[in-house]
Amino acid sequence: MYHKLLQKQIRKYLPDNLLGQADCKAFLESINNSYESFERDRELMDHAFKLSEKEYTEVNQELDSLANQRLLTLKQLNQTISSLLGSDQALSENEDLVSLSEKIRGQVNINKLTKKQLFRNINLFKTLLANLQSGVLIENESREVLFTNDLFCSMFKMPATPDEMVGQDCSDSAMHCMNLFKDPERFVSRIETLLSEQKPVYNEMIETAEGEILERDYVPIFIDDIYRGHFWKYTNITESVHDRESLLESEERNRLVMNSSLDAIVIADDRGKVTFWNPRAEQMFGWTQEEAMGKSMSQLFIPDHMKTAHNEGMNRYLNTGVSHILNQELELTAVNKAGEEFPVELIVVTYQQNGKNYFCGFMRDISSRKKSENLLKAQEEKYRNIITNMNLGLLEIDNERKIVFANQNFCDISGYSEAELIGSSTNKFHLEEPNLKVLDQQLKLRSEGISNGYEIEVQNKSGEIRWWFISGAPNYNDKGTLTGSIGIHLDITEQKKLESELAIAKNKAEEASVAKEAFLANMSHEIRTPLNAIIGMIRELSREELSPKQQTYLSHTDNAARHLLSIVNNILDISKIEAGELKLEKHTFSLQALIANMVSILHFKAAKKDIVLTSALSEKIWPAYKGDSARIRQILINLLDNAIKFTMEGEVRLNIEVLQENDDEQVILIKIIDTGIGMDEEYMEQLFSKFSQAEKSTSRRFGGTGLGMSITKEIVKLMDGSIDVSSVKGQGTEFQITVSLKKGNIEELSDQTQDSQFLLQGTRVLLVEDNVMNRLIANKSLSHFGCTTDEAENGLIALELLKQNQYDIILMDIQMPELDGVETTKIIRNELKLSVPVIAVTANAFKKDIDLYLSIGMNDYVTKPFEEKELFNTIAKQLKWSAPASPQSAIAIDNHYDLTQLRALSRGDEEFVNNMIEIFLQHTPPALEEIEIALAKKDYATVARVAHKIKPSIESMGIKQLNGSAKEVELAAKAESVEHSTLSIKVDFLVNTLRVVLSKMKSDQG
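Predicted model only: the values in this text are computed from it and were never measured.

### Some thoughts on helix 13 (residues 304-320)
Piece 1. Relative to the 24 Å expected for 17 residues at 1.5 Å per residue, helix 13 spans 25 Å between its end C-alpha atoms, a close match to the ideal helical length.
Piece 2. Within helix 13 the residues assigned to the buried category are H310, G313, M314 and Y317. Considered in projection along helix 13, the buried side chains sweep an arc of 100° and stay on one side of the axis. Residues of helix 13 that are exposed and angled more than 90 degrees away from the buried face: T308, N319 and T320.
Piece 3. Buried-residue contacts for helix 13 involve strand 6 (264-269), helix 12 (297-300), strand 9 (341-353) and strand 10 (356-365).

### Quick word on the sheet that holds strand 15 (residues 482-491)
Piece 1. Spatially, five strands are ordered 12-11-15-14-13 in an open sheet, and the strand pairing comes out antiparallel. Across the chains shown, the open sheet's two edge strands, defined by having one partner strand only, are strand 12 (403-406) and strand 13 (452-459). Sheet twist, expressed as the average angle between the axes of neighbouring strands with direction ignored, equals 30°.
Piece 2. Bridge count for strand 11 (residues 393-398) against strand 12 is three bridges, and the pairing is antiparallel. Of the residues in strand 12, the one forming a bridge with I397 is I403.
Piece 3. Across the sheet, helix 17 (residues 433-447) is in contact with strand 11, strand 13, strand 14 (465-476) and strand 15; its angle to strand 13 comes to roughly 150°.

### Description of the packing of helix 21 (residues 629-645) against helix 24 (residues 708-718)
Piece 1. Following both chains from N to C, one finds helix 21 and helix 24 inclined at 145°, their axes separated by 10 Å at the closest point. Both helix 21 and helix 24 take part in a crossing whose hand is left-handed. Each of R631, Q634, I635, N638, L639 and N642 in helix 21 lies in contact with helix 24, whose residues at this interface are G708, M709, I711, T712, I715 and V716.
Piece 2. Here the residues of the contact of helix 21 with helix 24 sort into six nonpolar, five polar and one charged.

### Observations concerning unusual backbone geometry
Piece 1. Despite not being glycine, R143 shows a phi value in the positive range, around 65°.
Piece 2. Turning to its location among the elements, R143 is positioned in the loop between strand 1 (135-140) and strand 2 (145-148).
Piece 3. Its identity is not glycine, yet N203 carries a phi of approximately 60°, on the positive side.
Piece 4. Note on placement: N203 falls in strand 3 (residues 201-207).

### Focus on the confidence of the model for the chain
Do not read the fine detail of predicted coordinates wherever pLDDT is low.
Piece 1. Summing up the model confidence of the chain, the mean pLDDT is 81 and the portion of residues at 70 or higher is 84%.
Piece 2. In the model, residues 694-703 has pLDDT below 50 throughout and makes 12 contacts with residues more than four positions away in sequence or in other chains.
Piece 3. Scored below 50 in pLDDT, residues 750-757 shows 14 contacts in the model against residues more than four places distant or in partner chains.

### Some points on helix 29 (residues 868-879)
Piece 1. Helix length check: helix 29 (12 residues) gives 17 Å between terminal C-alpha atoms against 16 Å at 1.5 Å per residue, within 8%.
Piece 2. Listed in full, the buried residues belonging to helix 29 are E868, L871, F872, T874, I875, A876, Q878 and L879.

### Focus on the environment of I237
Piece 1. If you trace the backbone, I237 turns up in the loop between strand 5 (226-236) and helix 9 (238-260).
Piece 2. I237 sits in the buried class, given a relative accessible area of 10%.
Piece 3. For the pair formed by I237 and L214, sequence separation is 23 residues and the distance between their alpha carbons is 5.7 Å.
Piece 4. Setting aside residues no more than four positions away along its own chain, I237 makes contact with M205, I213, L214 and E215.

### Some words on the packing of helix 32 (residues 910-936) against helix 35 (residues 980-1005)
Piece 1. It is the contact of helix 32 with helix 35, at a shortest axis distance of 10 Å, that shows an interaxial angle of 150°. With respect to helix 35, the element helix 32 is oriented roughly antiparallel. In the crossing of helix 32 with helix 35, the sense of the turn from one axis to the other is left-handed. Counted together, N914, I917, F920, L921, T924, P925, L928, E929, I931, E932 and L935 of helix 32 and H980, L983, S984, V987, V991, L994, R995, L998, M1001, K1002 and Q1005 of helix 35 form the full contact between these two elements.
Piece 2. Taken together, the residues of the contact of helix 32 with helix 35 break down into 13 nonpolar, five polar and four charged.

### Description of the side chain of N460
Piece 1. With respect to the helices and strands, the residue N460 is situated in the loop between strand 13 and strand 14.
Piece 2. You can call N460 buried: its relative accessible area is 9%.
Piece 3. A distance of 3.0 Å separates a polar side-chain atom of N460 from the backbone nitrogen of S462.

### What to know about the pairing of strand 2
Piece 1. As paired strands, strand 1 and strand 2 are joined by three bridges and run antiparallel to one another. Bridging from a neighbouring strand, L137 pairs with T148 of strand 2.
Piece 2. Linking strand 1 to strand 2, which pair antiparallel, is a turn of four residues; within it R143 sits at a positive phi near 65°.

### Thoughts on the pairing of strand 5
Piece 1. In the sheet, strand 1 pairs with strand 5 via six bridges, with the strands oriented antiparallel. Of the residues in strand 5, the one forming a bridge with G135 is Y234.
Piece 2. Counting the residues in the hairpin turn of strand 4 (residues 213-223) and strand 5 gives two residues, including D224, whose phi is positive at 55°.

### Regarding the pattern of salt bridges
Piece 1. Counted according to the given criterion, the structure contains 35 salt bridges.
Piece 2. For the salt bridge of E800 with K803, the shortest nitrogen-to-oxygen distance reads 3.9 Å. Highlighted residues: E800 and K803, both in helix 26 (residues 795-804), separated by three residues, approximately one helical turn.
Piece 3. On the basis of relative accessible area, K803 is assigned to the exposed category, the value being 56%.
Piece 4. Close ionic contact of D860 with K877 constitutes a salt bridge, the shortest N to O distance being 2.9 Å. Of this pair, D860 sits in strand 27 (residues 860-863) while K877 is found in helix 29, placing the two residues 17 residues apart along the sequence.
Piece 5. The exposure class assigned to D860 is buried, which follows from its relative accessible area of 12%.
Piece 6. A single network of salt bridges, built from pairs that share partners, joins E331, E345, R369, K370 and E373.

What counts and how
- Residues numbered from 1 in each chain as written.
- Predicted model: local features only at pLDDT ≥ 70, side-chain atom pairs only at ≥ 80, totals over all residues.
- Heavy atoms only, no water.
- Helix = DSSP H or I, 4+ residues; strand = E, 2+ residues; numbered from the N terminus.
- Expected span 1.5 Å × (residues − 1).
- Buried < 20%, exposed > 50% of the residue type's maximum accessible area, 1.4 Å probe, protein only.
- Arc of directions from axis to C-beta.
- Contact = heavy atoms within 4.5 Å.
- Pairing = 2+ DSSP bridges.
- Axes fitted to C-alpha atoms, helices over the stretch in contact; angles between N-to-C directions.
- Left-handed = near helix turned anticlockwise from the far one by under 90°.
- Nonpolar A, V, L, I, M, F, W, Y, C, P; charged D, E, K, R; others polar.
- pLDDT = per-residue confidence, 0-100.
- Parallel < 35°, antiparallel > 145°, perpendicular 65-115°, else oblique.
- Polar contact = N/O pair within 3.5 Å; in protein donor to acceptor, adjacent residues only side chain to side chain.
- Salt bridge = Lys/Arg side-chain N within 4 Å of Asp/Glu carboxyl O.

Here it is, written out as structure tokens:
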């Protein structure tokens, strides 16, 4: 059904034929829907109107309420806006909403601008932190990340970006990265401590496992006193730490350099107050660093006369920057703490530090240099004056030999004026071509930079031929270019004449020397040859049974022969000294034994004059020395013999002490003191001259050649020693000898035993000697040694015998008819090719002769007249045989003592032997008691001294059982740690054996 209104319209206007059509029906349906929709809308409107009326009333009521609320809200809003705007912009209570809205909008705009600025600042701060050259981490109170930067993430090896880190919980982050640090536990515990204490910490250094140094800052964040989080900052300061260490090292190095400087280094500020004072400044000026610091330079080292200039100079520089001394090397004077003024070399530099000026001075004490310079100036002046006063001509020439300069002295010696010389050639002085060649050679040497002196013949202006000595040197300019040469000229014409005369005199002197040497050689041969026979015959006679009277005659004869031999030896020694042929030997010897032997020899000579002869040796004397014991013996025998000879009563003392000592040598002082006739000062001045004696009466009374003291001094001089003498006429004389002796090895000392007479038993000897007497003497000695001897009167006979026989050794005379010893030896070596040892038996004792003998193949030599023992030892040394055991030696040992050595020493003087035995019997028992008492008291020094004292007596008496025993006791007692029990055994053996020997000796003496 259609709407009633529509139905009405259809019926009124629409034909029926249309109602059945489909299109029309659809149209009508649409219209019908519209009518129905309208109806529904109208119903709704009515209903709404009714409701609106009701609601209007309610709304009106609400609006009234809202109006009241609005007024209240406006009031509150007004108050709020007033509080936001501040008291200076307070609103009235009657402000409407529009006005308030405008105010609010203005405030919102301001807030937006503030927020924008704040956001900009936050972004700026974040950018700053992000780009900071430190690792930054900001956490809240819950340890959530608020901000971090790339460097922090990189530094702690974080596996996230800074943005990804924001909001992350970092409570366990320390545990995760602890192994990045050298001390992981310390790293974790320290973070926990910082978080718990919540106190700022700055510049805390930690070291990573890789050796890098991080500096950490921790800042807790408090807002309104409420903890809101914290700020971490980690900065890698490895390079700066190393730089700081390098800087500290550099500063320390500079400090050490400055403190070690040989120059005084002083630094002062712009007020002149010292801020640095090195050790050299302390040494130079005497002020310690503590005393100098803060003091002004004027107080410390500026002399009074320079203080004003010093102060003015500093003020001028500080005010104007002008200085007259900076960066210059100056020579001034300074003063030390003691007020002593001295020259210094000064360099002052300035620098700025922290806006302040500082002055640094380098000062060197040049006192020595100035002294040297002054000395050099004085020497230059002296030499200039010497050249002037010695009439030395100075000439300067160029490379073409043109004269550039000549002093007045050269003008004087050449005869030319300066005007005539300048620019002229030196050729005008030279006569012949050879002299010009000499000059060319000298110029070539100058071009090679060589200075030298030479002599040349010249002609002066007057035409005189003169000789000049020229000392020439190359002359260079300041660029080092050779410009010529300088020569100092000395006219030596008179010297050349003198040289010619001296050459003639020299030839004559050499001829005289040769003649003298030939004379001495002949004299030596002619005197020694018969002396050999005389002394040999005396020796053979001493072996015979002689009456006491005959023994006395023989003793006097032997003394006379030996005195004559000593004169010959002295003359030859002087000749050797003059010719420089006297040489010292080196072998190990005992000074104690040498002294004991000499004292024993000279004891009876002194006793015969009722003179006391004593010797005292320091305990510090080394047991063995290296040196020439024969020459030392010669010196001491000479001086002691003279002391005894010139002493009528009183005593002669020999004292030896050690002055200095080191590991290798000792310097000893030998004193020989007598109470003899003394010498006056006039004679003492010529004491050591050859052939000098106090006066003729002394010579007649005491004898002597006057050569002994001269020889003694020369031998001491050869030993690098010194000899001094002091004497008072009528009171006595004292000689002092100082000599240095090398320490020897005591083990090298040969045992003091007697050579066996059987050592040469059966030796086959060829004796070549033209003198019948000498052959007889030599044959006797050789027979005494047990040798078998063939004799040859000259070299030709000797050669024939050598072709027929074999010999163990040849004793060869030198001067013989037919064929002498030298030529014979040459044939033996070169033609016969024999190696048999040849010993020269010669009266020629000169070194050149000995050298000749050894050079042609001789093995050794013995000088005539020979000592039998010397001949024995020389033969034994060449044969190198060992001594067989001797039956007689065994008997001597069984008989407790052997006087063979003592009898040989006495040369047949039985009185001497008996006296020695008597002394031994008298002095030995007290010594034995003394050594026993000392041992009981453990006085080891006395034990050593007594053992040392009795050792020579044991050796002299030939007590073979005690060979080395006394020395063993002495060494054991001197040991650093003495073994008392061992020493007791040695002393008991020594004492008991000596008492048995003493008993036996007393029994033998009756």
